[in-house]
Amino acid sequence: MGTPGGLVPAPGSGAACPSPLSPVSSALQLALGAALLNVRIPLLLGELVDVVARQAMRRAGDYLREARRPAMRLLSLYSLQGLLTFGYIVLLSRVGEQVAGSMRTALFSSLLRQDVAFFDATRTGQLVTRLTADVQEFKSSFKLVVSQGLRSATQIVGCFASLYLLSPKLTGLLLVVMPSLVGAGALVGSFLRGLSRQAQEQVAKATGVADEVLGNVRTVRAFAMEDRQLEVYCTEVQRSGQLNERLGVGIAVFQGLSNVVLNCIVLGTIFAGGALLAGEELSAGDLMSFLVASQTVQRSMANISVLFGQVVRGLSAGARVFEFMTLEPAVPLCGGARIPSHALRGCICFQGVSFSYPTRPGYQVLRDLSLTLPPGKTVAIVGPSGGGKSTVAALLERFYEPTQGTVTLDGCELGSLDPSWLRGQVIGFISQEPVLFGTTVMENIRFGKPGASDAEVYAAARRANADGFIRSFPEGYDTIVGERGVTLSGGQKQRIAIARALVKDPVVLILDEATSALDAESERVVQEALDRAAAGRTVLVIAHRLSTVQGADLIVVLDGGRVAETGTHAELLRRGGLYAELIRRQAQEQPEPR
Ligand SMILES: Nc1ncnc2c1ncn2[C@@H]1O[C@H](COP(=O)(O)OP(=O)(O)OP(=O)(O)O)[C@@H](O)[C@H]1O
């Protein structure tokens with residue numbers, strides 16, 4: 001369906017993070033410089049040894065004068081190398097923090113954009129692990145790869161060139177052995193990467209369990225489930241321990257074998273080098289250079305093998321971070337048309353809507369649902385538990401897309417409208433268990449409209465029957481409400497949530513079981529606030545307790561995802577159908593007055 005001419009496009013959004021590229025390239029250059037100096041050092045050492053050897057044979061002459069030049073050059077190379085090393089380590093730690101910061105911001109921003117279905121299928125603990133441990137792991141490997149990996153790799157290449165110039169025969173021998181070693185290393189590497197990925201996923205699973213238990217500690221305490229939850233956590237931790245041990249064994253085997261092989265190579269080099277020295281194909285200085293250069297190669301290779309385990313972990317951690325960073329949500333957060341405020345009436349139509357949750361595609365929750373919410377009227381949805389009432393609200397908020405059929409606002413399909421405008425300015429949502437943030441009352445109410453003035457916040461609180469109790473707190477609107485609003489009563493939380501919804505002055509209000517968790521007195525105060533809030537808006541009430549919806553303009557009875565009947569309270573009672581039956585059952589369940 002096309003968008004009417006009056007619609008206006010949403011303004012663009014998106015913030016750019018600073019690029020850490022230039023310090024990276026400087027760090028790379030410095031690390032490269034330090035490595036190249038290390039390639040040059042064995043040759044100068046050889047030169048110095050030749051001077052020493054000549055002096056030893058002649059036992060006279062200008063030893064100091066001859067030795068001074070190579071010795072001074074060596075000394076300046078050592079100093080320069082120290083400076084370069086200092087420079088690239090300082091730069092790298094700065095770059096590492098910038099990279100980790102940018103990754104965390106990009107990942108968090110990507111997570112915030114994901115569909116609600118994504119959060120249905122993924123545990124919060126897993127996401128937190130990706131934001132913390134995985135980014136940390138990736139950062140450490142990144143730093144190690146640049147500082148030691150790049151340096152070692154450059155030294156291996158550079159020293160191999162020097163080795164070839166010093167003695168092609170000896171170098172040829174090394175080259176015969178190398179390719180098979182590299183091939184074997186690559187094979188073991190891919191096996192270890194798979195193992196590392198499994199181990200990290202298991203760690204994330206264990207974190208997920210801890211996160212859920214700690215986040216719901218009151219429920220755990222209420223059911224005395226501490227030991228059981230500890231057992232579940234221990235099982236997950238043990239599994240991750242086993243996987244990490246297997247990974248450790250794999251890395252140990254790899255490192256042990258590579259050390260043996262590298263030492264054997266050095267031993268063979270000395271053995272063959274000695275023969276060439278005897279045949280005068282090499283000078284003593286050349287053999288010294290060859291040995292130092294091959295030692296540098298050995299050290300670099302050992303470094304790389306130590307690095308290997310870290311890099312394996314870092315790469316799979318990076319892959320896990322990038323997997324979520326590149327994930328595109330089916331419904332973007334913003335973008336699309338907006339209905340100008342003068343044309344916005346708040347008429348909502350569900351036409352032939354069928355829906356299955358993405359996590360349970362085979363199970364149809366709504367079937368061919370058609371429903372109209374006339375502007376300014378209150379429509380209540382009632383019906384047996386699990387009948388799909390909350391799902392209707394979720395589709396209206398565009399948390400999910402209908403599998404079939406359309407939902408429209410003032411004739412415009414929701415799919416063509418800007419979701420951030422729809423959620424941020426058009427629809428106010430008040431749920432059964434509102435979640436507040438661990439900040440002040442003022443900031444919690446302002447969450448509904450970030451730019452709201454203090455006066456607007458006070459007005460919304462007054463309309464929500466909340467101003468009185470907020471001002472009775474010693475800190476008033478600056479009271480910190482605790483994590484998820486834990487320091488407030490249910491009714492107080494609910495009224496702050498109502499104020500939060502009202503401060504944006506929404507055209508459409510969804511009340512999902514908004515009073516069912518409250519006691520009679522709190523319910524009365526909250527209901528009063530809700531009645532006041534509903535005036536002049538299109539209201540969708542989702543209710544368990546039928547007593548709260550008797551005054552609705554229209555009551556829709558939803559059963560098994562279909563509309564079973566519609567009408568006013570009186571009409572439905574007269575009809576004697578499912579609604580009348582529900583009223584009768586609820587009356588029976590009410591406790592007898594004493
Ligand atoms: N996020 C979800 N993923 C998969 N299935 C879900 C999800 N949320 C709800 N369901 C399923 O959809 C069906 C309808 O749920 P819904 O919450 O809409 O019912 P309801 O009528 O509001 O129930 P109640 O009155 O008990 O709150 C239920 O069978 C429920 O198990």
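The rules we used
- Residues numbered from 1 in each chain as written.
- Predicted model: local features only at pLDDT ≥ 70, side-chain atom pairs only at ≥ 80, totals over all residues.
- Heavy atoms only, no water.
- Near = heavy atom within 4 Å.
- Polar contact = N/O pair within 3.5 Å; in protein donor to acceptor, adjacent residues only side chain to side chain.
- Areas by Shrake-Rupley, 256 points an atom, 1.4 Å probe, with all protein chains shown as cover.
- Helix = DSSP H or I, 4+ residues; strand = E, 2+ residues; numbered from the N terminus.
- Nonpolar A, V, L, I, M, F, W, Y, C, P; charged D, E, K, R; others polar.
- Expected span 1.5 Å × (residues − 1).
- Bend = angle between axes of the 7 residues up to and from the residue.
- 1 Å grid on protein atoms, 1.4 Å probe; cavity = no way out; pocket = protein on both sides within 12 Å on 5 of 7 lines; lining within 4 Å.
- Points joined across faces, edges and corners; volume = space filled by probe spheres on them.
- UniProt positions renumbered as here; feature names shortened; annotations may be inferred.
- Contact = heavy atoms within 4.5 Å.
- Salt bridge = Lys/Arg side-chain N within 4 Å of Asp/Glu carboxyl O.
- Buried < 20%, exposed > 50% of the residue type's maximum accessible area, 1.4 Å probe, protein only.
- Core = buried A, V, L, I, M, F, W, Y, C linked by side-chain atoms within 4.5 Å.
- pLDDT = per-residue confidence, 0-100.
- Pairing = 2+ DSSP bridges.
- Axes fitted to C-alpha atoms, helices over the stretch in contact; angles between N-to-C directions.

### A few points about the site of the ligand
At step 1: Taken together, 17 residues lie around the ligand, and Ser-385, Gly-386, Lys-389, Ser-390 and Thr-391 are the ones closest in.
At step 2: In the model, a nitrogen atom of the ligand is placed 3.2 Å from a nitrogen or oxygen of the Thr-359 side chain.
At step 3: Interatomic distance of 2.6 Å between a side-chain N/O atom of Ser-385 and an oxygen atom of the ligand.
At step 4: For the ligand, the protein covers 74% of the area, taking 630 Å² as the surface of the free molecule.
At step 5: Per-element accounting of the shell around the ligand gives the leading share, three residues, to helix α9 (residues 389-396).
At step 6: Tallied by class, residues from the shell around the ligand come to five nonpolar, eight polar and four charged.

### Overview of helix α4 (residues 124-166)
At step 1: Here α4 contains 43 residues, and its C-alpha end-to-end distance of 59 Å stays within 8% of the 63 Å for a straight helix at 1.5 Å per residue.
At step 2: Of all bends in α4, the biggest is about 40°, found at Val-145.

### A closer look at the layout of surface pockets
At step 1: In this model, the largest pocket occupies a volume close to 2200 Å³.
At step 2: Taken together, 49 residues form the lining of the largest pocket, with Val-116, Phe-399, Val-435, Phe-437 and Phe-447 sitting closest to its centre.
At step 3: Mapped by element, the contributors of at least two residues to the lining of the largest pocket are α2 (63-113), α3 (116-121), α4, α9, α10 (419-426), β8 (427-430) and α14 (490-502).
At step 4: The element best represented in the lining of the largest pocket is α10, accounting for five residues.
At step 5: Of the residues belonging to the lining of the largest pocket, the class tally is 27 nonpolar, ten polar and twelve charged.

### Describing the UniProt feature "transmembrane region" (unreviewed entry) in the protein chain
At step 1: Taken from the UniProt record, the annotation "transmembrane region" (unreviewed entry) applies to residues 30-53, 74-93 and 170-192.
At step 2: Helix and strand shares over residues 30-53 are 100% and 0% respectively, and the end C-alpha atoms of the span are 35 Å apart.
At step 3: Along residues 74-93, the helical share is 100% and the strand share 0%, with 29 Å between the first and last C-alpha atoms.

### Observations concerning the environment of Phe-118
At step 1: On the secondary structure map, Phe-118 appears in helix α3.
At step 2: Taking the C-alpha atoms as reference points, Phe-118 and Pro-358, separated by 240 residues in sequence, lie 8.8 Å from one another.
At step 3: Residues within four places of Phe-118 in sequence aside, it is in contact with Leu-111, Leu-127, Phe-324 and Leu-327.

### Remarks on the pattern of salt bridges
At step 1: Scanning the model with the defined rule gives 16 salt bridges in all.
At step 2: Its salt-bridge partner being Arg-320, residue Asp-134 comes within 2.8 Å of it at the nearest N-O pair. Here the residue Asp-134 occupies a position in helix α4, and Arg-320 occupies one in helix α8 (residues 284-325), the gap between them amounting to 186 residues. As far as the burial class goes, Asp-134 and Arg-320 line up, both buried.
At step 3: A salt bridge links Arg-197 to Glu-201; the nearest nitrogen and oxygen atoms lie 3.7 Å apart. Within this pair, Arg-197 and its partner Glu-201 are both found in helix α5 (residues 168-215), separated by four residues, close to a single helical turn.
At step 4: Overall, Arg-197 belongs to the partly exposed group, its relative accessible area being 29%.
At step 5: Looking at Glu-201, the relative accessible area reads 33%, which means it is partly exposed.

### Considering the environment of Leu-582
At step 1: Position of Leu-582 relative to the elements: it lies in helix α17 (residues 578-589).
At step 2: Classification of Leu-582 by relative accessible area gives buried; the value is 13%.
At step 3: Note: C-alpha distance between Leu-582 and His-544 (38 residues apart in sequence) is 10.0 Å.

### Considerations on the nonpolar core
At step 1: Grouped together as the largest cluster of nonpolar side chains are 43 residues, with contacts concentrated most on Val-382, Ile-445, Ile-470, Tyr-477 and Ile-498.
At step 2: Discounting chain neighbours no more than four positions away, the residues touching Ile-498 are Ile-430, Ala-464, Val-526, Ala-529, Leu-530 and Ala-533.
At step 3: Grouped together as the second largest cluster of nonpolar side chains are 36 residues, Ala-117, Ala-394, Cys-412 and Val-508 included.

### Notes on the confidence of the model for the protein chain
At step 1: On average, residues of the protein chain score 81 in pLDDT, and 91% of them are at 70 or above.
At step 2: The model gives residues 1-6 a pLDDT under 50, and that stretch makes eight contacts with residues more than four places away or in other chains.
At step 3: Low confidence marks residues 8-18, where pLDDT is under 50. Its contacts with residues over four positions away, or in another chain, come to 13 contacts.
At step 4: Note on the complex model: pTM 0.67, ipTM 0.95.

### What to know about the sheet that holds β8
At step 1: The sheet built from six strands is open, its strands ordered β8-β9-β10-β5-β11-β12 with mixed pairing. Of all strands in the sheet, those bounded by a partner on one side alone are β8 and β12 (562-567). Recorded for the sheet is a direction-independent mean angle of 20° between the axes of neighbouring strands.
At step 2: Relative to strand β11 (residues 554-559), strand β5 (residues 378-382) runs parallel, the two being bridged by four bridges. Looking across to β11, one finds that Ala-380 is bridged to Ile-555.
At step 3: Running over the sheet, α9 touches β5, β8, β9 (508-512), β10 (538-542) and β11 and is turned about 145° from β10.
At step 4: Across the sheet, α10 is in contact with β8 and β9; its angle to β8 comes to roughly 65°.

### Digging into the side chain of Thr-129
At step 1: Within the secondary structure, Thr-129 is located in helix α4.
At step 2: Residues contacting Thr-129, with those up to four places away along its chain left out, are Asp-134, Ala-204, Thr-207 and Arg-320.

### Topic: the sheet that holds strand β4 (residues 364-373)
At step 1: The four strands lie next to each other as β4-β3-β6-β7, forming an open sheet whose pairing is antiparallel. With partners counted over all chains shown, the strands left at the sheet margins are β4 and β7 (412-413), one partner each.
At step 2: In this sheet, β7 lies alongside strand β6 (residues 404-409) in antiparallel orientation, the contact comprising two bridges. Directly across from Leu-409, in β7, lies its bridge partner Cys-412.

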